[in-house]
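# A structural walkthrough
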Amino acid sequence: MADFRVGVTRESFLPFGLEPLDRAGIGWELLAEERAELPPEFVRGFDALFHFSAVVSAATLEGADRLALIARHGVGLDMVDVDACTDRGVAVTITPDGITRPMASAALTLILALTHRLIERDRALHEGRWHEGRFGVIGLGLRGRTLGVIGFGRIGRELVRLIAPCEMRVLVTTPRLSAAAASAHGVEPVDLEHLLREADVVVVACPLKPETHHLLDARRLALLKPSAFLVNVARGAIVDQAALVEALREGRLAGAGLDVFEREPVPVGDELLGLPGVVAAPHALGYTDELFRRCVESACAAIVAVASGRVPEHLANPAVLDSRRFAEKLARLAGP
């Protein structure tokens, strides 16, 4: 593995370093500088890329004939041209085992903060309005209420498991959920419009794809009850942010818990953050020691596998296994 080169994107936040690669005897180095989109000269000469959030486009891969793997620290792939990677024989892996519990916990945190009116009580206390903070706002008990989960992958399923003691009715909208699986998880599969009309709390937990961009637009947001809360821990662009601001401003929605936004970083003075009933975090609410440690371990395990000429786990583009170029790269790395 001495000749196996790993590049690490500069925006990667690594509080625990890359000890799994060190233990495996695999050297790594930071890319030349931080860029919003990686230029091709940054990637050439590497066998694998430990990737956090920089854009990897088809242009990035020009001339990167040696590159065999992009190991994503996380699960979102909206910044990676996965089809271009597959075409060029580059495997892309994600780290679902690292983010599932922390992100489900983040969603639950926002649900509880909203329904217990934490932000209003906190502000009242800090502003010396003790009596108003105690009796001026009333929270929403969850028992017997309806939770709607948009997207029922790992995070959605884990959220349902965590929130089970609250005794909520759970509606989900997701592709290809069998009746047996729905029964096993104690959820009711419904269409999106039905979910929005019925739910007291809606959680967005689906991936951002062309078909989910602005999935919750003005028309669909109008289906929500005025007493309902919206939580988004997926990607900001799944919700039409301008329409969300309008709904909150007009009192057609009780509140929103947001860890993601259409534009990141959020501009200073953005109207959304000043609206009552909004609890927000800078796309970091799931960032715990557990998340970083397990994501690093998972991404590094993928790198070690490819460095040994083996197919890694958690492939985001399984079609790459049919690629002659990828097979040749693995054969080269496996050695005689």
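The paragraphs below set out a description of the structure included in this document.

## Comments concerning the pairing of strand E3 (residues 48-51)
- Neither face of E3 is open: one carries Ala48 and Phe50, the other Leu49 and His51, and all of them are buried.
- As judged from the three bridges shared by strand E1 (residues 6-8) and E3, these two strands associate in the parallel manner. Among the inter-strand pairings, valine 8 is bridged to a residue of E3, identified as phenylalanine 50.
- Where E3 lies against strand E4 (residues 69-72), four bridges are found, and the strand directions are parallel. The partner of histidine 51 across the bridge, within E4, is arginine 72.

## A closer look at the pairing of strand E10 (residues 229-232)
- Of the two faces of E10, the one carrying Phe229 and Val231 and the one carrying Leu230 and Asn232 are both buried.
- In this structure, strand E9 (residues 201-204) lies alongside E10, joined through four bridges in parallel fashion. Residue valine 203 lies in a different strand from E10, and its bridge partner there is valine 231.
- Of the pairings in the sheet, the one linking E10 to strand E11 (residues 255-258) comprises four bridges and is parallel in character.

## Focus: the sheet that holds E9
- Pairing in this open sheet of seven strands is parallel, and the strands run E8-E7-E6-E9-E10-E11-E12 from one edge to the other. The open sheet terminates on both sides in strands that have one partner only, identified here as strand E8 (188-189) and strand E12 (278-280).
- Note: strand E6 (residues 146-150) against strand E7 (residues 169-173), five bridges, orientation parallel. Bridged to glycine 148 within E7 is leucine 171.
- Against the sheet, helix H7 (residues 154-163) makes contact with E6, E7 and E9, and its axis sits at roughly 165 degrees relative to E6, the strand it touches most.

## Some points on the nonpolar core
- Core analysis: the biggest nonpolar cluster contains 34 residues, and Ile111, Leu147, Leu159 and Val203 have the highest contact counts within it.
- Every element with two or more residues in this core is listed here: helix H4 (96-115), E6, H7, E7, E9, E10 and helix H13 (289-307).
- Broken down by element, the residue count for this core peaks at 10 residues, all from H4.
- Among residues more than four places away in sequence, those in contact with leucine 159 are Ala104, Ala107, Leu108, Ile111, Val149 and Val203.

## Side note on the pattern of salt bridges
- Under the defined criterion, the tally for this structure stands at 22 salt bridges.
- Of the charged contacts, one joins arginine 332 and aspartate 47 as a salt bridge, the two residues approaching to 3.2 Å between their closest N and O atoms. With arginine 332 in helix H14 (residues 324-334) and aspartate 47 in the loop between helix H2 (40-43) and E3, this residue pair connects regions lying 285 residues apart in the sequence.
- For arginine 219, the salt bridge goes to glutamate 193, with nearest N and O atoms at 3.6 Å. Note that arginine 219 is positioned in helix H10 (residues 218-221) and glutamate 193 in helix H9 (residues 192-198), a separation of 26 residues in sequence.
- The structure contains a network of salt bridges with shared partners spanning Asp47, Arg66 and Arg332.

## As for the side chain of serine 298
- With respect to the helices and strands, the residue serine 298 is situated in helix H13.
- Once you skip the residues sitting within four places of it in the chain, serine 298 turns out to touch Ile94, Thr95, Asp97 and His314.

## Concerning H14
- For H14, the full list of buried residues reads Phe326, Lys329, Leu330 and Leu333. Along H14, the residues classed as buried sweep out an arc of 95 degrees about the axis, all on the same side.
- If you follow the buried residues of H14, they end up packed against strand E5 (91-93) and H13.
- Between a side-chain oxygen at the N-terminus of H14 and the backbone nitrogen of arginine 325 the separation is 3.3 Å; the capping residue is serine 323.
- One or two residues past the end of H14 sits glycine 335, with phi positive at roughly 80 degrees.

Conventions we followed
Residues numbered from 1 in each chain as written. Predicted model: local features only at pLDDT ≥ 70, side-chain atom pairs only at ≥ 80, totals over all residues. Heavy atoms only, no water. Buried < 20%, exposed > 50% of the residue type's maximum accessible area, 1.4 Å probe, protein only. Helix = DSSP H or I, 4+ residues; strand = E, 2+ residues; numbered from the N terminus. Pairing = 2+ DSSP bridges. Contact = heavy atoms within 4.5 Å. Axes fitted to C-alpha atoms, helices over the stretch in contact; angles between N-to-C directions. Core = buried A, V, L, I, M, F, W, Y, C linked by side-chain atoms within 4.5 Å. Salt bridge = Lys/Arg side-chain N within 4 Å of Asp/Glu carboxyl O. Arc of directions from axis to C-beta. Polar contact = N/O pair within 3.5 Å; in protein donor to acceptor, adjacent residues only side chain to side chain.

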